[in-house]
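Commentary on secondary and tertiary structure
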Amino acid sequence: MGPTNGTARKARMLKIRPFDWSDADYAALIDINNTNFPDDLDLPGLLKHRDQARDQSYMLDRVVGEVDGGVVGTASFGESMWTPVPGKFWLYVQVHPDHQRRGYGNALYDHVTAILDRKDPTIFDSWTREDKTGAVAFLSKRGFEKVMRGENSRLTLAEFDPSTFSDVVERVRKLGIRILPLSELMDEDPQWREKLWELDWVLSLDVPDVDEPKKRSFEVYCRQAFETPTFFPEGFFVALDGDQYVGMSMLELNLADATKFHTDLTGVIRSHRRRGIATALKVNALSTAKRVGRQFVETDNEENNPMYVLNVKLGFKATPGWVHMRRKIKEVA
């Protein structure tokens, strides 16, 4: 069902223009995001860095919706550099809570899909958090269906006791596995960047996703992993069997909220699993987070990923998860 006549009249007040990549437009976009998700804050400078660090051979674009000269909504869209598929495009529409239910989201969505329709799309992907029932309904009405769910979780560090897992950490040590923070490994091994690039790719192959991953170039990996303001080498732990990198767990700084860390990729290569290495890696990382005085660590996993079970054992508690939703435009032979 389309918008009512009254909604349509209000939507016509909306002026849609290209995102101009200025600091002002980044600030407006992040203000809308932070107002919709006050428990998951971002910073304009971090989004700008992520845009600049990505693989520029993949499309990224945005538009802005204005009413009376003020930004009330945005839409971002492009191609996935992580799991590229010909004809697959992602899109993400947000409207400021003060301006929702006026047809602005409809207008932004229609504007973006009209642009993408010129590119012969086969798939549209989008995401939203499961507790945002209005956003889930918005996508469902447009033919999107849930294809994957991510389980978000949070650990309150005051409740985390590393000694509970001391037997596992000691068992890993007796196996001859060394666990070092990257702040030390950087001085010990001049090839640490190249080795972590390869390890990241091997571990990424086992991260559940809807489509097959593509290996990032070494340059893009370094920009995204090490040349970001969120890089925290003291909380980036690597497991070594001799000179071989066999696992890692990385904490990222949350610069928008000084109470939090975020855990990015944690994993162990297949030949070294079921030995407690992942637990030892995470215990080291969480102990560091607690020592430096942050209050929480947040992470996310695909809901059937065994890593989520480990996080629960460590004391993480579930928070509203994200759903990956997909609309198939046409089948590909």
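Residues numbered from 1 in each chain as written. Predicted model: local features only at pLDDT ≥ 70, side-chain atom pairs only at ≥ 80, totals over all residues. Heavy atoms only, no water.

1. Description of the sheet that holds strand E5 (residues 123–129)
The 12 strands are arranged E1-E2-E3-E4-E5-E12-E6-E11-E10-E9-E8-E7 in an open sheet whose pairing can be described as mixed. Edge positions in the sheet fall to strand E1 (15–18) and strand E7 (177–181), since each has one partner strand and no second. Across this sheet, the average inter-strand angle for adjacent strands is 25°, counted without regard to direction. (Pairing = 2+ DSSP bridges. Helix = DSSP H or I, 4+ residues; strand = E, 2+ residues; numbered from the N terminus. Axes fitted to C-alpha atoms, helices over the stretch in contact; angles between N-to-C directions.)

2. Some points on the packing of aromatic side chains
Geometry of an aromatic ring pair is reported as the spacing of the ring centres plus the angle between the planes. Within the structure shown, the criterion is met by 13 aromatic pairs. Both rings, one in phenylalanine 19 and one in tryptophan 21, keep their centres 4.9 Å apart while their planes meet at 80°; by these two values the pair is edge-to-face. Aromatic side chains tryptophan 197 and phenylalanine 218 sit 5.4 Å apart centroid to centroid with 65° between the ring planes, which places their arrangement in the edge-to-face category. With tryptophan 197 in helix H8 (residues 192–204) and phenylalanine 218 in helix H9 (residues 218–225), the pair connects residues that are 21 residues apart, well separated along the chain. (Phe/Tyr/Trp six-rings, centres within 6.5 Å; stacked < 30°, edge-to-face > 60°.)

3. Re the pattern of salt bridges
For the structure on display, the rule yields 25 salt bridges. Across the pair arginine 129 and aspartate 39 runs a salt bridge whose closest N-O atoms are separated by 3.2 Å. Of this pair, arginine 129 sits in strand E5 while aspartate 39 sits in the loop between helix H2 (23–36) and helix H3 (44–53), and the two are 90 residues apart along the sequence. Residue classification places aspartate 39 among the partly exposed residues on the basis of a relative accessible area of 36%. (Salt bridge = Lys/Arg side-chain N within 4 Å of Asp/Glu carboxyl O. Buried < 20%, exposed > 50% of the residue type's maximum accessible area, 1.4 Å probe, protein only.)

4. A closer look at the nonpolar core
The biggest cluster of nonpolar side chains holds 49 residues, and the ones touching the most others in it are Leu196, Phe226 and Phe236. Examining the composition of this core, we find that 8 residues originate from one element, helix H10 (residues 277–291), more than from any other. Other than its neighbours up to four places away in sequence, phenylalanine 226 contacts Leu182, Trp192, Arg193, Leu196, Tyr221, Phe231 and Phe236. (Core = buried A, V, L, I, M, F, W, Y, C linked by side-chain atoms within 4.5 Å. Contact = heavy atoms within 4.5 Å.)

5. Comments concerning the packing of H3 against H9
Running from N to C, H3 and H9 point in directions that differ by 170°, and their axes come no closer than 9 Å. The angle between the axes of H3 and H9 places the two elements in the roughly antiparallel class. Every residue of H9 that contacts H3 at His49, Gln52 and Ala53 is listed here: Val220, Arg223 and Gln224. Its residues assigned to classes, the contact of H3 with H9 comprises 2 nonpolar, 3 polar and 1 charged. (Parallel < 35°, antiparallel > 145°, perpendicular 65-115°, else oblique. Nonpolar A, V, L, I, M, F, W, Y, C, P; charged D, E, K, R; others polar.)

6. Section: unusual backbone geometry
Of note, tryptophan 21 is a non-glycine position whose phi angle comes to about 60°, a positive value. Structurally, tryptophan 21 can be placed in the loop between E1 and H2.

7. A word on the pairing of strand E3 (residues 70–78)
Most of E3 sits out of view: 7 of its 9 residues are buried. As paired strands, strand E2 (residues 60–67) and E3 are joined by 8 bridges and run antiparallel to one another. Note that in E3 the partner of aspartate 61 across the bridge is phenylalanine 77. A loop of 2 residues connects E2 with E3, the two strands running antiparallel in sequence, and aspartate 68 in this loop sits at a positive phi of about 55°. Note: E3 against strand E4 (residues 88–95), 6 bridges, orientation antiparallel. When the bridges of E4 are listed, threonine 74 appears paired with glutamine 94.

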